[in-house]
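Working through the structure, step by step
What follows is the residue order along each chain.
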Amino acid sequence: MEDIDSFLFKFKGYYFLRPGLDIGFLETLNDFEIREDDVFIVTYPKSGTIWFQQILNLIYFDEHRKSTGNLETVFRVPYFEYPDQNGFYFLSLQIIYVYRNPKDVMCSYFHFSKKMPLPTTSTIEEFMQLFLEGKVLGSLWFDHIKGWHEHKSLFNIEFMMYEEFKKDLRGSMLKVCKFLGKELSDEDMDTVVSQAMFENMKLDPRANYDNILKDQFGIQEKGHFLRKGTIGDWKNYMTVEQNERFDKIFQKNMKDFPLKFIWDMNEE
Ligand SMILES: Nc1ncnc2c1ncn2[C@@H]1O[C@H](COP(=O)(O)OS(=O)(=O)O)[C@@H](OP(=O)(O)O)[C@H]1O
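Here's what I pulled together on the structure shown here. (Residues numbered from 1 in each chain as written. Predicted model: local features only at pLDDT ≥ 70, side-chain atom pairs only at ≥ 80, totals over all residues. Heavy atoms only, no water.)

**Here we look at the overall build of the protein chain**
Our working rule: Helix and strand labels come from DSSP, where a helix needs a run of H or I of at least four residues and a strand needs a run of E of at least two; each type is numbered from the N terminus. Within these notes, the globule rule equals 2.2 Å times the number of residues to the 0.38 power, and the radius of gyration is based on C-alpha atoms. Only protein chains enter the accessibility calculation, which uses a 1.4 Å probe; a residue is then buried when its area is under 20% of its type maximum, exposed when over 50%, and partly exposed in between. Only heavy atoms enter the contact rule, under which two residues are in contact if any of them lie within 4.5 Å. Accessible areas in this description were obtained via Shrake-Rupley with a 1.4 Å probe; residue shielding takes into account the shown protein chains only. Counted charges follow a simple rule, with Lys and Arg positive, Asp and Glu negative, and His plus the chain ends left uncounted. Lys charges are placed at NZ, Arg charges at CZ, Asp charges at CG and Glu charges at CD.
Secondary structure assignment for the protein chain yields 14 helices and 5 strands. Whereas a compact globule of 268 residues would reach a radius of gyration of roughly 18 Å, the protein chain reaches 18 Å, a difference of no more than 12%. With the C-alpha coordinates of the protein chain rotated into their principal frame, the extents come out at 50 × 45 × 40 Å. Taking all 268 residues of the protein chain together, the buried fraction comes to 53%. Across the protein chain, the fraction of contacts at a sequence separation of at least 24, relative to all contacts at a separation of at least 6, is 68%. Roughly 13,300 Å² of accessible area belongs to the protein chain as shown, and the carbon and sulfur atoms make up 51% of that amount. The average position of the 33 basic charges and that of the 43 acidic charges among the side chains of the protein chain differ by 4 Å.

As structure tokens, then:
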């Protein structure tokens, strides 16, 4: 296991990615002026961030939907905490919190960490320890989701489940549009749904992050952000014992938490 501190930096109790981090800039965000029509996507890593960047781009920008514009999603929906990636803001008072079952988050994260400047572990067991102790970028998954949920009355926030989008993309898309007060024609909706599908996003250079990996991290291989995009991949990596241990910790931490989770593609 590599040294966590060389990749991550803890600020206000939260682990940020060290490269590109500007603490002075983070301090200024306390005074960041938010407009009424701004929209935030909030995610724990590996829960569908870039999927929702693509979805909002498709809903809001004609030229993205019609493929007449070449701007990559990250420049339209920039990361709030990293100034270098801030093209221009369309950020906000509407907040979409995207959550995903944490076993799939953990497995996705395990693979991703091997490719990125992040603390790397050679086994899922080692990674599970870091993940369950919150010694990863994004800190502790339990704190993240519970923290946002406990404070939901302070915001206009909608909790959306990765797995619901996976099972019923069109129905879920209608819910996003309703929340954002956007109405799309049937034809536009067809395009949005089609372009937000895993297989199509994987091939879309504006949405698949392959260019970002190449330009910012010198990684030539493709497909690291859009790896499998499934529900239940954790079953291919966790042993029965690891799964039971995870379940115990999950139940202890999430007792009385009201949101539902889906762990398997066949689950309703
Ligand atoms: N369109 C679509 N459909 C289904 N799944 C999708 C889609 N787009 C991204 N993904 C999957 O989301 C996982 C990456 O999550 P994030 O974008 O939050 O990663 S990151 O934190 O920004 O690095 C990662 O999950 P895994 O495939 O399990 O690794 C992506 O494949």
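**Let's talk about the side chain of Thr73**
In this fold, Thr73 is placed in helix H5 (residues 73-76). When near neighbours in sequence (up to four residues on either side) are disregarded, Thr73 contacts Gln53, Gln54, Asn57, His64, Arg206, Ala207 and Tyr209.

**Some remarks on the packing of aromatic side chains**
In plain terms, the rule: Ring pairs shown here join Phe, Tyr and Trp side chains whose ring centres sit within 6.5 Å, with only the six-membered ring taken for Trp; geometry is labelled stacked below 30 degrees between planes, edge-to-face above 60, and tilted in between. In this analysis the charged atom, NZ for Lys or CZ for Arg, is taken to sit over a ring once it is within 6 Å of the ring centre and within 35 degrees of the ring normal.
Taken as a whole and assessed by the stated rule, the structure comprises 25 aromatic pairs. A centroid spacing of 5.4 Å and a plane angle of 80° characterise the contact between Trp141 and Phe142, whose relative ring orientation is edge-to-face. The two residues Trp141 and Phe142 agree in class, both being buried. Ring pairs connect the aromatic residues Tyr99, Trp141, Phe142, Phe250, Phe257, Phe261 and Trp263, which therefore count as one cluster. Positioned above the aromatic ring of Phe61, the side-chain terminus of Arg76 is 4.4 Å from the ring centre. For Lys103, the ring lying beneath its charged end belongs to Trp234, and the centroid distance is 4.3 Å.

**Focus on the nonpolar core**
Heads up, the rule is: Buried Ala, Val, Leu, Ile, Met, Phe, Trp, Tyr and Cys residues form a nonpolar core when they are joined through side-chain atoms within 4.5 Å.
Judged by nonpolar contacts, the single largest core of 53 residues is most densely connected at Phe131, Trp141 and Phe261. Residues within four places of Phe131 in sequence aside, it is in contact with Tyr44, Pro102, Val105, Met106, Tyr109, Val136, Leu140, Trp141 and Phe246. The next biggest cluster of nonpolar side chains, apart from the first, holds 33 residues, and it includes Leu58, Val74, Tyr162 and Leu184.

**With respect to helix H7 (residues 124-133)**
When we look at burial in H7, the residues that qualify are Ile124, Phe127, Met128, Leu130, Phe131 and Leu132. Immediately beyond the C-terminal end of H7, within one or two residues, lies Gly134, with a positive phi of roughly 75°.

**A look at the site of the ligand**
Short version of the rule: Any residue with at least one heavy atom within 4 Å of a molecule or strand is counted as near it. Here a polar contact is recorded for every N or O atom pair within 3.5 Å, except that within protein the pair must consist of a potential hydrogen donor and a potential acceptor, and residues adjacent in sequence are included only if both atoms are side-chain atoms. Residues are grouped as follows: Ala, Val, Leu, Ile, Met, Phe, Trp, Tyr, Cys and Pro are nonpolar; Asp, Glu, Lys and Arg are charged; all remaining types, including Gly, are polar.
Around the ligand there are 21 residues in total, and Thr49, Ser108, Tyr162, Lys228 and Gly229 lie nearest to it. Trp51 has a polar side-chain atom sitting 3.0 Å from a nitrogen atom of the ligand. A distance of 3.5 Å is found between a nitrogen atom of the ligand and a backbone nitrogen or oxygen belonging to Phe198. Considering the ligand on its own, with 640 Å² of exposed area, one finds that the protein chains cover 96% of that surface. Those elements that provide at least two residues to the shell around the ligand are helix H3 (49-60), helix H6 (102-115) and helix H12 (198-203). It is H3 that provides the largest number of residues to the shell around the ligand, a total of 3 residues. Per-class residue counts for the shell around the ligand are 12 nonpolar, 5 polar and 4 charged.

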